[in-house]
Amino acid sequence: MRKNRAMRHLIAVLVLDGLVPFDLGTPTQVFLSARDDDFRRLYDVRVCGPAPVRTEAGFTVVPEHGLEQLEVADTVIVPGIHRGGPVTDGTLPGDVREALVAAAARGARIVSICTGASVLAAAGLLDGRPAATHWAWADRIGGLYPRVAWDFDVLFVDDGNVLTSAGVGAGVDLCLHIIRRDHGAAVANRTARRCVVPPWRDGGQAQYIERPVPAANGAGTDSTRAWVLDRLAEPVTLEEMAGHARMSVRTFTRRFRDETGLSPRQWLLRQRVEHARILLESTDLAVDAVARRSGLGSATALRQHLHATIGVAPSAYRRTFRH
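Quick caveat, the model's predicted, so the values are computed rather than measured. (Residues numbered from 1 in each chain as written. Predicted model: local features only at pLDDT ≥ 70, side-chain atom pairs only at ≥ 80, totals over all residues. Heavy atoms only, no water.)

Caption draft 1: Broad picture of the overall build of the protein chain. Tallying secondary structure elements over the protein chain gives 14 helices and ten strands in all. For the protein chain, whose C-alpha radius of gyration is 21 Å, the value lies close to the compact-globule estimate of 20 Å for 323 residues. Taken along its principal axes, the extent of the C-alpha atoms in the protein chain is 60 × 50 × 35 Å. Expressed as a percentage of the 323 residues in the protein chain, the buried residues total 50%. Accessible area of the protein chain: about 15200 Å², with a carbon and sulfur share of 52%. Of the side chains in the protein chain, 40 bear a positive and 35 a negative charge, and the two mean positions are spaced by 5 Å. (Helix = DSSP H or I, 4+ residues; strand = E, 2+ residues; numbered from the N terminus. Rg over C-alpha atoms; globule rule 2.2 N^0.38 Å. Buried < 20%, exposed > 50% of the residue type's maximum accessible area, 1.4 Å probe, protein only. Areas by Shrake-Rupley, 256 points an atom, 1.4 Å probe, with all protein chains shown as cover. Lys, Arg positive; Asp, Glu negative; His and termini not counted. Charge placed at Lys NZ, Arg CZ, Asp CG, Glu CD.)

Okay, here's the thing in structure tokens:
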């Protein structure tokens, strides 16, 4: 982020031929909706590109800015594309490649939405890194860029200064995550409300991948998940969750994974860590108290799980995000 508060964080959204329109609308809408306590915008978003681009929806986008925006942007975002060299043969126009590589080299944050990851991969920016993209493109993009550590199960991957998301709606998840990382949960949640979207979605792409639909029996795990969220500080067991849902443990675990993409224990741990983050940001509770209220038990456990999730200790996280 820029140190001068009078200078908003500059985001350059790079559009290329074959653009997915939804992926262009996502960062412009979400980041322009992010406001501080005085309702001032926190980001300056500029659409740029080497030339007018054709979209997959039958219209053309004429960017107001050229590639020079990548020379000054704090963050560069590449929306998805459905045609062109990055998704067909692994090639990228030389001027685009040079601009992206130069932006990354000077320290700009590099982000992709959906198949925009293929553009970053074609520029060599994902070699040896973990990255996400739409599950439906796994075979094609994974085959074109074998040096990338692809993860087709998650909604997004945060690898420090390079972040990638899965398809379409997952771009919203990633944009909100970036706002949360930059300004904390309160600003991200307020932005989500303005955009009428959930501030955080459970699970990964697994819950959206096409597969045979399990036979419906009129039961689901939604109500049990809501019941658990009201009891995060308590030692809720898998057997108790299954009992609340009136299912056997085996059936409950299978249905839970079908609906969320996670096992019940994985989901519960994630909710507890997220609740701990909110408490660290919004209260002055001691770390031990935060651990107890979030159900993690001890300060040691909280430190371990928070470090595994975002790579920092509770005290460091609080110093960064406490308002």
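Caption draft 2: Broad picture of helix H11 (residues 264-282). With 19 residues, H11 ought to run about 27 Å at 1.5 Å a step, and its terminal C-alpha atoms sit 27 Å apart, in line with that. Buried residues of H11: Pro264, Trp267, Leu268, Gln271, Arg272, Val273, Glu274, Ala276, Arg277, Leu279, Leu280 and Glu281, and no others. (Expected span 1.5 Å × (residues − 1).)

Caption draft 3: Spatial organisation of the pattern of salt bridges. Applying the stated rule across the entire model yields 14 salt bridges. Between Arg147 and Asp127 there is a salt bridge, with its nearest N and O atoms 3.7 Å apart. Highlighted residues: Arg147 in the loop between helix H5 (138-144) and strand E8 (149-150) and Asp127 in the loop between helix H4 (116-122) and strand E7 (130-131), separated in sequence by 20 residues. Residue classification places Asp127 among the partly exposed residues on the basis of a relative accessible area of 34%. Here the residues in one salt-bridge network are Asp17, Arg54, Glu56 and Arg83, joined through shared partners. (Salt bridge = Lys/Arg side-chain N within 4 Å of Asp/Glu carboxyl O.)

Caption draft 4: A look at the nonpolar core. Counting residues in hydrophobic clusters, the biggest one holds 36 residues, and the most contacted among them are Leu14, Leu70, Leu92, Leu100, Ile110, Leu126 and Trp150. No other element matches H4, which puts five residues into this core. Residue contacts for Leu70: discarding those within four places in its chain leaves Ala12, Leu14, Cys48, Val76, Ala99, Leu100, Ala103 and Arg106. Ranked by size, the runner-up nonpolar core spans 32 residues in total, among them Val13, Tyr43, Cys114 and Leu176. (Core = buried A, V, L, I, M, F, W, Y, C linked by side-chain atoms within 4.5 Å. Contact = heavy atoms within 4.5 Å.)

Caption draft 5: Molecular detail of the environment of Asp153. Checked against the element boundaries, Asp153 lands in the loop between E8 and strand E9 (156-158). Each C-alpha atom of the pair Asp153 and Ala132 lies 8.0 Å from the other, and the pair is 21 residues apart in sequence.

Just geometry here; none of it tells us what the structure is for.
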